[in-house]
Amino acid sequence: MTAGAVVMRSRRPTGDFGGSVRLGLGSGGRKMVGFGIEGPLGETVAAKIYTQYSDRSGDWDLICSKLDPALTLGCPGLNGRKHFGREETLFMRPIVRFRPSSAVDITFIGEYGTLKGDGTPSRVLNDPLSPTTFNSPVGREPRGGAEKLSINYVGYTDIVWYQGALEATWDVGPGIITSITGFRDVDYESAGESDGTPLDISRGGNAMKQHQFSQELRFAGQAFDGRFDYTVGAYYFEQSVNQLYSIRFFGPSNQRSQGKLDHKSWSVFAQGDFEFAPGAFLTLGGRYNWEKKPPLIARTVDCTLPPVQNQALFPFTCNLQPLTPAFKTWSNFTPKVGLTWKANPDVLVYASWTKGFRSGGYNIRTTGTVATESPGPYDPEVVKALELGVKADLFNRRARINAAIFQNRFTGLQRTVNEGPRNFITNAANATVEGAELEVTLLPVDTLALTANVGYLDARYKNYLLPLSNGTVLDLSGKQMIRAPKWSYTLAATHDLSLGSAGDLSSRVSYSHNGKTPMNDAGAYFTPGFNLLDASLSWSPAGRRDIKLSLWGKNLTNETYAVTGTVVRPVFTILYQSLPRHFGAEFSYKF
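Residues numbered from 1 in each chain as written. Predicted model: local features only at pLDDT ≥ 70, side-chain atom pairs only at ≥ 80, totals over all residues. Heavy atoms only, no water.

Undergrad: Honestly, the overall build of the protein chain in this entry has me stumped. Any pointers?
TA: The number of helices and strands found in the protein chain is 1 helix and 34 strands. Expected size for 591 residues packed as a compact globule is a radius of gyration near 25 Å; at 27 Å, the protein chain falls within 12% of this value. Principal axes of the C-alpha set define a box for the protein chain whose edges measure 75 × 65 × 50 Å. Expressed as a percentage of its 591 residues, the buried residues of the protein chain come to 42%. Taking all contacts inside the protein chain whose residues are at least 6 apart in sequence as the whole, residues at least 24 apart take part in 65%. Charge-centre separation for the protein chain: the mean point of 61 positive side chains lies 2 Å from the mean point of 53 negative side chains. (Helix = DSSP H or I, 4+ residues; strand = E, 2+ residues; numbered from the N terminus. Rg over C-alpha atoms; globule rule 2.2 N^0.38 Å. Buried < 20%, exposed > 50% of the residue type's maximum accessible area, 1.4 Å probe, protein only. Contact = heavy atoms within 4.5 Å. Lys, Arg positive; Asp, Glu negative; His and termini not counted. Charge placed at Lys NZ, Arg CZ, Asp CG, Glu CD.)

Given below as structure tokens:
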């Protein structure tokens with residue numbers, strides 16, 4: 001729960017000729033082939049491209065028709081399928097780099113991809129408070145391992161995306177000017193079963209088209225003889241979203257909606273790090289953000305019904321309506337203060353206080369089936385985060401310890417209300433998240449690395465009064481937050497073994513635990529804690545780092561687990577099932 005971001009940066013082409021080949025096979029009918037090549041296109045231009053195709057037939061066994069021989073429904077939504085989890089993915093990523101001089105570096109990164117597959121893997125639970133499924137002889141949780149699902153409809157997922165980014169840097173002497181321009185288009189449609197049983201109770205679907213564009217311009221420089229590093233800049237972002245949402249219970253679609261949203265955001269930012277004493281740094285930063293969002297919304301009564309004969313979720317048409325007022329604007333200032341002390345080359349101590357926010361918005365997929373299902377707007381969620389930590393390398397760098405304690409205070413916490421047919425976001429509560437993290441890495445010998453990390457969270461709602469559709473109010477103050485397990489930990493070991501002329505082996509095994517967590521805000525049902533065991537083994541010929549043959553396995557104990565679910569009492573309670581045991585082999589060659 002600590003604030004932060006993981007930055008993934010594609011390796012830029014250097015102008016040297018090279019490439020890579022990847023081939024993979026695995027359980028669930030997994031197949032993968034990837035190919036990349038790079039090289040010079042001239043004295044100042046270099047390029048690379050990587051393409052990968054993968055598909056699988058599915059990791060789950062469909063047992064709908066086996067649960068009750070007298071089942072008259074016949075599970076027609078399976079279309080004769082015996083396995084679930086089919087997925088086919090193709091993507092291409094070209095990169096072109098232009099360096100006209102030592103001071104200028106311009107890179108374009110593009111990407112195109114498609115994903116086609118099944119819908120969401122839902123698993124019904126034995127919940128006595130959901131009598132519609134609990135009292136049915138075929139509505140119980142399927143027996144067997146994590147690979148068993150009793151759904152009667154496989155659904156589908158269809159995604160197409162393309163995106164690009166143009167990054168240009170110019171060293172102007174006193175500092176570096178950086179410009180980053182980005183765009184992205186996504187076309188998405190999916191449908192799946194919502195009840196996880198052989199009974200034809202509920203199905204849901206989403207369709208969305210989204211376009212976004214962004215532009216960032218910043219300057220980074222130094223002052224005071226290199227003791228002060230600073231960055232100033234500005235950022236612009238815009239996106240348009242068009243979304244369709246459809247649900248059906250016991251027959252044709254009876255909840256539908258369409259929403260369109262145009263979103264524009266402007267911001268300016270600055271941050272500086274000043275070394276006020278040897279090894280001691282003060283960080284001051286801030287960002288001012290302004291945004292505007294005008295929505296158009298259509299609810300169930302504004303949308304046509306799909307054809308009854310096939311009980312389809314899509315397509316349908318809607319009469320979009322503006323809200324009153326037609327738009328809302330928000331502005332936020334988010335400062336940061338930090339202190340860092342490098343006690344010696346191997347020990348770093350830090351403290352930081354940061355204010356952040358999650359953007360406000362509208363419920364563009366609200367169906368209006370219940371009068372209290374608000375289209376919004378809801379306001380930004382604000383968090384004030386305090387963190388103290390230490391990073392240390394000890395015993396001649398044979399041991400590394402990273403430790404932190406933190407507190408995050410949320411105001412205007414955005415919660416998704418799920419009560420029967422209601423589904424909308426509102427600023428429902430405040431919350432406090434306190435915790436600690438510890439990560440330890442040991443190198444007892446040069447060829448063995450042992451890693452352990454543990455996290456503790458105390459995440460609870462404050463001042464949370466949830467209005468129910470029957471007019472009453474449910475006080476959830478003090479309840480544990482969803483998807484915030486109290487305890488989590490991971491143990492891992494990585495070992496390298498030389499076989500002499502026979503090659504080199506590298507093995508890794510990891511064991512992780514996540515504690516139980518509430519499925520919904522009310523804590524009506526907890527997703528059980530789970531433990532995962534993963535392992536891999538890689539071999540390379542002696543002196544050939546360019547060739548690697550790997551075996552891998554994940555969830556080797558075949559744990560039945562999920563990180564989230566839905567409570568729709570008294571009809572059903574389900575988990576969105578995570579992958580069962582799966583394994584495979586991969587060959588890679590770099591040239």
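Undergrad: Honestly, the side chain of Thr-283 in this entry has me stumped. Any pointers?
TA: Tracing the chain through its elements places Thr-283 in strand S15 (residues 280-293). Exposure remark for Thr-283: the relative accessible area of 8% places this residue in the buried category. Separated by 2.4 Å, the side chains of Thr-283 and Asp-273 make a polar contact. Here Thr-283 is in contact with Gln-271, Gly-272, Asp-273, Lys-336, Val-337 and Gly-338, once residues within four sequence places are set aside. (Polar contact = N/O pair within 3.5 Å; in protein donor to acceptor, adjacent residues only side chain to side chain.)

Undergrad: Honestly, the sheet that holds strand S8 (residues 122-124) in this entry has me stumped. Any pointers?
TA: Pairing is antiparallel across the open sheet formed by 3 strands, whose spatial order is S8-S33-S32. Since the sheet does not close on itself, it has two edges, and those belong to S8 and strand S32 (562-568), each with one partner. Averaged over neighbouring strand pairs, the angle between their axes works out to 30° when direction is ignored. (Pairing = 2+ DSSP bridges. Axes fitted to C-alpha atoms, helices over the stretch in contact; angles between N-to-C directions.)

Undergrad: Quick question: what am I supposed to make of the environment of Asp-187 here?
TA: Within the element layout of this structure, Asp-187 appears in strand S11 (residues 175-193). Sequence separation between Asp-187 and Thr-14 is 173 residues, and the spatial gap between their C-alpha atoms is 34 Å. Once residues within four sequence positions are removed from consideration, Asp-187 is found in contact with Asp-158, Ile-159, Val-160, Met-208 and Lys-209. Polar side-chain contacts of Asp-187 include one of 2.5 Å to the side chain of Lys-209.

Undergrad: Got a minute to help me understand the side chain of Glu-111 in this structure?
TA: Looking at the element boundaries, Glu-111 is found in strand S7 (residues 104-117). On the basis of relative accessible area, Glu-111 is assigned to the buried category, the value being 15%. In this structure the side chain of Glu-111 is engaged in a polar contact, spanning 2.6 Å, whose partner is the side chain of Arg-93.

Undergrad: Explain unusual backbone geometry here, please?
TA: For residues other than glycine, phi is negative in most cases, and the peptide bonds are mostly trans. A cis amide bond links Phe-314 with the next residue in sequence, Pro-315, at an omega value of -5°. Within the fold, Pro-315 resides in the loop between strand S16 (295-298) and strand S17 (321-322). Residue Thr-324 is joined to Pro-325 through a cis peptide bond whose omega torsion reads 0°. Relative to the helices and strands, Pro-325 resides in the loop between S17 and strand S18 (328-344). Unusually for a residue other than glycine, Phe-224 sits at a positive phi of about 55°.

Everything listed is a geometric property; what it means functionally is a separate question.
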